[in-house]
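Architecture and fold: a report
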Amino acid sequence: MIEAKHAAFAQSISASGDWPGPVQVDGVLLYRLAANWPPDAEVELSADVDSLIIKLGKAVVRVARSDAKGGKPIKRTVQPPDKRHKGKVEVPPDPVGKRVELNATWLFSARMPVPQHREPIEDDE
């Protein structure tokens, strides 16, 4: 089972018998159906011109094929690169020979005004 557009993920399932070739169906619908099957269930799959036929016990489900007659099958293409990726990340070197300010402030203040800071603490001696 392969993601149809870019083959971004694939998963193998154990099977026996013959298979006619690639069959394209709605993956979300197929996932919802498969999520309800018990893990040790034996499912019978067959394909005709218009649908994928799934048999589990006495239940029979027909899932419409997206590559049926008159339908356009999804053509696999190379996944486009992410536009947010601008190239290799440059990390500046550590300041070894440069003097670093120990009390440098950042762009925000880490000290928050809380009531204990308004009045000085007096010793009770």
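Now for a quick tour of the structure. Quantities reported herein were computed from a predicted structural model and do not represent experimental measurements. (Residues numbered from 1 in each chain as written. Predicted model: local features only at pLDDT ≥ 70, side-chain atom pairs only at ≥ 80, totals over all residues. Heavy atoms only, no water.)

**Side note on the pairing of strand 1 (residues 44-47)**
By the bridge criterion, four bridges tie strand 1 to strand 2 (residues 51-56) in an arrangement that is antiparallel. Bridge pairing in strand 2 links Glu-44 to Lys-55. (Pairing = 2+ DSSP bridges. Helix = DSSP H or I, 4+ residues; strand = E, 2+ residues; numbered from the N terminus.)

**Description of the sheet that holds strand 2**
Overall, antiparallel pairing links the three strands, which are arranged 1-2-3 in an open sheet. Edge positions in the sheet fall to strand 1 and strand 3 (59-64), since each of these pairs with one other strand and no more. Strand-to-strand twist across the sheet, computed as the mean angle between neighbouring axes with direction ignored, equals 20°. (Axes fitted to C-alpha atoms, helices over the stretch in contact; angles between N-to-C directions.)

**Thoughts on the side chain of Arg-65**
By secondary structure assignment, the location of Arg-65 is in the loop between strand 3 and helix 2 (115-118). Its relative accessible area of 19% is what places Arg-65 among the buried residues. Reaching out from Arg-65, the side chain makes a polar contact with the side chain of Asp-67 at a distance of 3.0 Å. Those residues in contact with Arg-65, other than ones at most four positions away along the chain, are Pro-22, Val-23, Gln-24, Val-25, Ala-47, Asp-48, Val-49, Asp-50, Ser-51 and Leu-52. (Buried < 20%, exposed > 50% of the residue type's maximum accessible area, 1.4 Å probe, protein only. Polar contact = N/O pair within 3.5 Å; in protein donor to acceptor, adjacent residues only side chain to side chain. Contact = heavy atoms within 4.5 Å.)

**A closer look at the environment of Gly-27**
With respect to the helices and strands, Gly-27 occurs in helix 1 (residues 27-35). Residue class for Gly-27 comes out partly exposed when judged on its relative accessible area of 44%. Measuring from C-alpha to C-alpha, the distance between Gly-27 and Met-1 comes to 9.5 Å, with 26 residues separating the pair along the chain.

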